[in-house]
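Spelled out from the first residue to the last, the chains are:
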Amino acid sequence: MSHTVKVIAGGIVLLALCLLIGRWIGGATPGAGLATAARVFILLWLIAAGLNMWAGVAKAGYSVAEEAPIFLVVFAIPVAVALLVLWRLSRG
């Protein structure tokens, strides 16, 4: 399994963990807790994807130009899932 797929899967797992915590601490309105958890996830995932890009440049020897498209894919897929969750929560 390629590193990129593993990182994306890790992002989905982190999203699930954030949503579980959000549901747990959501209080009277679990939807609000889930929405907050999804927003927190996006910030956490930006940091994690940035660290992954830094590792690719600093440790693996790739250039920033080579890593930038991978960063976009790694960041965008889990965030798209998080935004889908936010959209579904806003609908009802």
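Here the structure is a predicted model, which is why all the values come from computation and not from measurement.

1. A few points about the nonpolar core
With 19 residues, the main nonpolar core has Leu19, Phe41, Trp45, Ala49, Val74 and Phe75 as its most contacted residues. Elements represented by at least two residues in this core include exactly α1 (3–24), α2 (30–58) and α3 (64–91). Among the elements that take part in this core, α2 stands out by supplying eight residues, more than any other.

2. Observations concerning α3
Helix length check: α3 (28 residues) gives 39 Å between terminal C-alpha atoms against 40 Å at 1.5 Å per residue, within 8%. Every buried residue of α3 is accounted for by Glu67, Phe71, Val74, Phe75, Pro78, Val79, Ala82 and Leu86.

3. Some remarks on the side chain of Asn52
Relative to the helices and strands, Asn52 is located in helix α2. A distance of 2.9 Å separates polar atoms of two side chains, one belonging to Asn52 and the other to His3. Discounting residues that sit within four places of it in the chain, Asn52 has contacts with His3, Val7, Glu67 and Val74.

What counts and how
- Residues numbered from 1 in each chain as written.
- Predicted model: local features only at pLDDT ≥ 70, side-chain atom pairs only at ≥ 80, totals over all residues.
- Heavy atoms only, no water.
- Core = buried A, V, L, I, M, F, W, Y, C linked by side-chain atoms within 4.5 Å.
- Buried < 20%, exposed > 50% of the residue type's maximum accessible area, 1.4 Å probe, protein only.
- Helix = DSSP H or I, 4+ residues; strand = E, 2+ residues; numbered from the N terminus.
- Expected span 1.5 Å × (residues − 1).
- Polar contact = N/O pair within 3.5 Å; in protein donor to acceptor, adjacent residues only side chain to side chain.
- Contact = heavy atoms within 4.5 Å.

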